[in-house]
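# Structure at a glance
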Amino acid sequence: MVRINENYAKLPGSYLFSAIAKKVADFKEKHPGEQVISLGIGDVTKPLAPAIIEALHKAVDEMSAAETFHGYAPDLGYEFLRSAIAQNDYKDRGCDISADEIFVSDGAKCDSGNIQEIFALDNKIAVCDPVYPVYVDTNVMAGRTGAYNAEKENFDGVIYMPCTKENGFVPELPSEKPDIIYLCFPNNPTGSAITKSQLQEWVDYANKVGAVIIYDAAYEAYISQEEIPHSIYECEGARGCAIELRSFSKNAGFTGVRLGFTVVPKDLKCGEVSLHSLWARRHGTKYNGAPYIIQRAGEAVYSPEGKAQLKEQVAGYMENARAIYDGLKDAGYQVFGGLNAPYIWLRTPDGMTSWEFFDSLLARAHVVGTPGSGFGSCGEGYFRLTAFGTKENTLEALARIRRM
Ligand code: MLT
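Rules used throughout
- Residues numbered from 1 in each chain as written.
- Predicted model: local features only at pLDDT ≥ 70, side-chain atom pairs only at ≥ 80, totals over all residues.
- Heavy atoms only, no water.
- Core = buried A, V, L, I, M, F, W, Y, C linked by side-chain atoms within 4.5 Å.
- Buried < 20%, exposed > 50% of the residue type's maximum accessible area, 1.4 Å probe, protein only.
- Contact = heavy atoms within 4.5 Å.
- Pairing = 2+ DSSP bridges.
- Helix = DSSP H or I, 4+ residues; strand = E, 2+ residues; numbered from the N terminus.
- Axes fitted to C-alpha atoms, helices over the stretch in contact; angles between N-to-C directions.
- Left-handed = near helix turned anticlockwise from the far one by under 90°.
- Nonpolar A, V, L, I, M, F, W, Y, C, P; charged D, E, K, R; others polar.
- Phe/Tyr/Trp six-rings, centres within 6.5 Å; stacked < 30°, edge-to-face > 60°.
- Lys NZ or Arg CZ within 6 Å of the ring centre and 35° of its normal.
- Expected span 1.5 Å × (residues − 1).
- Arc of directions from axis to C-beta.
- Domains from an automatic or database assignment.
- Buried area = accessible area lost by both parts, 1.4 Å probe.
- Salt bridge = Lys/Arg side-chain N within 4 Å of Asp/Glu carboxyl O.

### A closer look at the nonpolar core
Counting residues in hydrophobic clusters, the biggest one holds 129 residues, and the most contacted among them are Ile52, Leu183 and Ile213. Those residues in contact with Ile52 that lie beyond four places of it in its chain are Ala252, Phe254, Ala297, Ala300, Val301 and Leu310.

What follows is the structure, given as structure tokens:
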């Protein structure tokens, strides 16, 4: 008889953002007249920039003529997009990454979940606590962890690296040696950033112990301070130990369009085996490639018009971040993040748990956020708000929270 993958049964409840969506849907059904404002899931609200819309229209037109029609995309992405990425995101920042080390995909969520497939199941993973749930959930599904430990509210067999107010939400090097280290900076959910010298320590450590860092840089467009690196490849030696994940969702509004990429340098090896060729093999077999139309839209992100328009969008979201940060601080909340990231991380008031605060915020202010404990046990007592709302909704949500 067919049997299920028992590892899935280790996962408690549903995916964090699905659980929240269900709670909000229930609330709306019971309170049909209320205007609920979502500052929960990090979904953008600004429409695609004109340069991107223009590229989409042009690419759609190309699909209508036999001479310019495009079928299957190349396995690893179109050269025009990979070259634009290599030039703008890497070479222009002094990073030694070439177009053929870039794998175009339909977004960083899938890549961050799938990349673990190229590693053995007995590798030990290390994650920040709190952490974007996809990294852990997908390792659980694969069977790389033990059972869920209800008392500790985490999984056995995983190295959790606490990110707390005391360490500025940047983890210390672990005492137990990991094989795969997940880092995300600017960080989701805490909104914290890592300096180049702090990141260099991680790169040196990974090279010393033979670990691979999976570096999620999905929020790099939100960096405002000089000393914060946009890519792990700004650090010396990173080509030999790091894979980088990037997304077009947060910097260009592609959450509904879907586009991202992963960088796997050619000199990144596990013994004699190139991780670049393993990921290429997986991509070739399991992935159909992001559509031509979408990759042309991605290319427009790097045009002079695209860059200017997106800079303005990011600045608009960061104005929201500043308003939330300042407004909540002024109201007596302890707030973090928001300076190099579109997330504000706040301490729940009056000793409330994260979910108690979620329920109270929804019931009293009709505002949706994300409970910190949904990201891990160190997130208990914290709460995440995103800066991705419209300006109007953000200010209205802020006013409502301040009135609570
Ligand atoms: C988040 O809210 O943490 C992210 O938007 C989720 C995602 O990018 O998948």
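### Thoughts on the sheet that holds strand β10 (residues 260-263)
Spatial strand order, β2-β10-β9-β8-β7-β3-β6: 7 strands in an open sheet with mixed pairing. Strand pairing shows two members of the sheet lacking a second neighbour, β2 (102-105) and β6 (159-162), which therefore form its edges. Taking each pair of neighbouring strands and ignoring which way they run, the sheet shows an average axis angle of 20°. Where strand β3 (residues 125-129) and strand β7 (residues 180-184) come together, 2 bridges link them in parallel fashion. What sits directly across from Ile125, in β7, is Ile180.

### Let's talk about the packing of helix α2 (residues 50-62) against helix α9 (residues 292-300)
Between α2 and α9, the least distance of the axes is 8 Å, while the angle of their chain directions is 150°. Once α2 is placed against α9, the crossing between them reads as right-handed. For the pair formed by α2 and α9, the contact residues are Ala51, Ile52, Ala55, Leu56, Ala59, Val60 and Glu62 on the first element and Tyr292, Ile293, Ile294, Arg296, Ala297 and Ala300 on the second. In the contact of α2 with α9, the residues fall into 11 nonpolar, no polar and 2 charged.

### Digging into the packing of aromatic side chains
A complete count under the given rule lists 26 aromatic pairs for this structure. Three or more aromatic residues link up through ring pairs in this structure, and these residues are Tyr15, Phe17, Phe169, Phe336, Trp345, Phe375 and Tyr382. Directly above the aromatic system of Tyr382 lies the positively charged group of Arg347, at a separation of 4.5 Å from the ring centroid.

### Description of the sheet that holds strand β13 (residues 335-337)
Here 4 strands make up an open sheet; going across it, the order is β13-β14-β17-β16 and the pairing antiparallel. Each edge of the sheet is formed by a strand with only one pairing partner; in this case those strands are β13 and β16 (370-371). Pairing of β16 with strand β17 (residues 382-386), which is carried by 2 bridges, proceeds in the antiparallel orientation. Counterpart to Thr370 in the pairing with β17 is Arg384.

### A closer look at helix α8 (residues 275-286)
Compared with the 16 Å implied by 1.5 Å per residue over 12 residues, the 16 Å span of α8 between its first and last C-alpha is a close match. Every buried residue of α8 is listed here: Leu275, His276, Trp279, Arg282 and His283. End-on, the buried residues of α8 take up no more than an arc of 130°, which puts them together on one face. Turned more than 90 degrees away from the buried face of α8, the exposed residues are Arg281 and Thr285. Buried-residue contacts for α8 involve β2, α4 (108-114), β8 (212-216), β10, β11 (269-270) and β12 (273-274).

### As for the domain arrangement of the protein
By the assigned domains, the protein splits into domain 1 (6-47 + 305-403) and domain 2 (53-303). Computed from C-alpha coordinates alone, the two centres of domain 1 and domain 2 are separated by 24 Å. In this complex, domain 1 contributes 36 residues to the contact, which on the side of domain 2 involves 48 residues. Between domain 1 and domain 2, a total of about 3,400 Å² is buried, with carbon and sulfur atoms accounting for 60% of that surface. Across the contact surface, domain 1 and domain 2 share 0 salt bridges. The greatest single-element share of the side of domain 1 that touches domain 2, amounting to 7 residues, is contributed by helix α10 (residues 304-330).

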